[in-house]
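Commentary on secondary and tertiary structure
Letter by letter, the chains look like this.
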Amino acid sequence: MEQAANRRMKTAVIGGGAAGFFLAINLKEMMPEMAVTIFERSQRVLAKVAVSGGGRCNVTNSFADVTDLLQVYPRGHRLVKRLFNVFNHEDAYRWFEAHGVPLVTQQDACVFPQAQDSQAIIDCFLSLARRYRIQICTGRKIQSLQDVADYDFVAVTTGGSPKGEGLRWLAEMGHEVEPPVPSLFTFAIPDTALHALQGLVVGQAAVSIPATKYRAEGPLLITHWGMSGPAILRLSSYAARHLADNQYQLPLSVSWVPQRDDEILQALRDVGSRQPQKMLPTFNPFGLQQRLWTYLLDKALAARATLRWSELGRKDLNRLVNVLTNDNYQISGRAAFKDEFVTCGGVSLKAVSPVTLESRHVPHLYFAGEVLDIDGITGGFNFQAAWTTAYTVARSIVKMKNEE
């Protein structure tokens, strides 16, 4: 990267995604005289932004229910906490509104454009890129610093690399790389009776991988291939590497009712006392959807699932409690979620300065976004990490330029 005091300084941003544009725009706002070029390997920029959040783009989260960033950033939470002192979710909210994108916070703490359309974010970025004369070069695959040798600063914002090939050139320069594996995916479960419940949503369930620390809670969606929804996606994020190490062949436990075993047992006994002549399928004490209740009764009691409540014995009650709180399945694989563009792994945080995100191996080389070994659960947390790291790099480049 060539340095020259008497010419206009230039920054190359390698990656035309969310982090790349956010970095480039903020760099131009902080230092208008800096020439900035975005290099994108595909013919289209911001493609992943377009499909994120079901086409609505979950730009951040209010963090209202987050007491520890480890809850939402399985990898990189310590660095994110530090960088939040530079640019956090509240800063991101103000930034987008100040740049013409009104936002709304949903009841689940997710933040979306008021337009409920990811195009609002894309239009904002492209409009600002034009205003600040940021050059955008599509169809340009950069795999060596020699390709951008005439730039003074280089920022890599290439996003996740599920197969790891996109990180090879960075590893060859000495950067430690954590092997990337997919995160945020749904579970394939070979259970035809379960598949028959496709489309059914449970408002609050707890899922876990037995004999491990991995556990998650939230809405759960039953699909024609297995299970999805926020609870499953969170679990896939927490256990991303463990699942990959086991070839996505692991047991899964589901608690359909968020109560303790003794509380559920007492509730079942109370029903037997108050409604002894009611048939099991016709009286559901936990508010579960009828199809799911019938499915769980059949699973727990088989031929006895059509008994009256007064006819349930102690063993029957225990079996029903076990299915409601510890229903066991077998994960047989993973299914794609949002084209699996979130990965666990990337450039190790040991390879960068925790203050500036500059490479420890190559001066004036920076990293932002998912190319780093930072990833979050679903809910706007990955975009927030992109905004935070991109802003940090922009500020770091400005500071470095001013000190030279």
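Residues numbered from 1 in each chain as written. Predicted model: local features only at pLDDT ≥ 70, side-chain atom pairs only at ≥ 80, totals over all residues. Heavy atoms only, no water.

**Description of the sheet that holds strand β17 (residues 365-367)**
If you walk across this open sheet you meet the five strands as β6-β2-β1-β7-β17, and the pairing is parallel. The open sheet is flanked by β6 (135-138) and β17, the only strands paired with a single partner. Within the sheet, the average angular offset between the axes of one strand and its neighbour, ignoring direction, is 20°. Pairing of strand β1 (residues 10-14) with strand β7 (residues 153-156), which is carried by four bridges, proceeds in the parallel orientation. Residue pairing in the sheet places Val13 in a bridge with Ala155 of β7. Along the sheet, helix α1 (residues 18-30) contacts β1, β2 (35-40), β6 and β7; its crossing angle with β2, the most-contacted strand, is approximately 175°. (Pairing = 2+ DSSP bridges. Helix = DSSP H or I, 4+ residues; strand = E, 2+ residues; numbered from the N terminus. Axes fitted to C-alpha atoms, helices over the stretch in contact; angles between N-to-C directions. Contact = heavy atoms within 4.5 Å.)

**Things to note about the packing of α1 against helix α13 (residues 381-403)**
At a minimum axis separation of 8 Å, α1 and α13 run at an interaxial angle of 35°. As α1 runs across α13, the sense of the crossing is right-handed. Of α13, the residues touching α1 (which contributes Ala18, Ala19, Phe22, Leu23, Asn26, Leu27 and Met30) are Phe383, Ala386, Trp387, Ala390, Tyr391, Val393, Ala394, Arg395, Ile397 and Val398. Class assignment for the residues of the contact of α1 with α13 results in 15 nonpolar, one polar and one charged. (Left-handed = near helix turned anticlockwise from the far one by under 90°. Nonpolar A, V, L, I, M, F, W, Y, C, P; charged D, E, K, R; others polar.)

**Looking at the environment of Tyr248**
Note that Tyr248 resides in the loop between α9 (240-245) and β13 (250-255). Given a relative accessible area of 12%, Tyr248 falls into the buried group. If near-sequence neighbours (up to four positions away) are discounted, Tyr248 is found in contact with Pro182, Phe185, Leu243, Ile331, Ser332, Gly333 and Arg334. (Buried < 20%, exposed > 50% of the residue type's maximum accessible area, 1.4 Å probe, protein only.)

**Focus: the nonpolar core**
In this structure, Tyr73, Trp95, Phe96, Phe125, Phe367 and Trp387 are the most contacted members of the largest nonpolar core, which totals 82 residues. Ranked by residue count, the leading element in this core is α13, at 10 residues. Among the nonpolar cores identified, the runner-up in size contains 55 residues, and Leu200, Leu235, Ile264 and Trp309 belong to it. (Core = buried A, V, L, I, M, F, W, Y, C linked by side-chain atoms within 4.5 Å.)

**Structural notes on the packing of aromatic side chains**
Ring pairs (aromatic) are described by centroid distance and by the angle formed between their planes. Scanning the entire structure with this criterion turns up 20 aromatic pairs. Between Phe63 and Phe84, the ring centres sit 5.6 Å apart and the planes meet at 75°, which makes this aromatic pair edge-to-face. Of the two residues, Phe63 sits in the loop between β3 (60-61) and α3 (77-83) while Phe84 sits in the loop between α3 and α4 (89-98), which places them 21 residues apart along the sequence. Note on accessibility: Phe63 and Phe84 belong to one class, buried. Directly above the aromatic system of Tyr151 lies the positively charged group of Lys10, at a separation of 4.6 Å from the ring centroid. (Phe/Tyr/Trp six-rings, centres within 6.5 Å; stacked < 30°, edge-to-face > 60°. Lys NZ or Arg CZ within 6 Å of the ring centre and 35° of its normal.)

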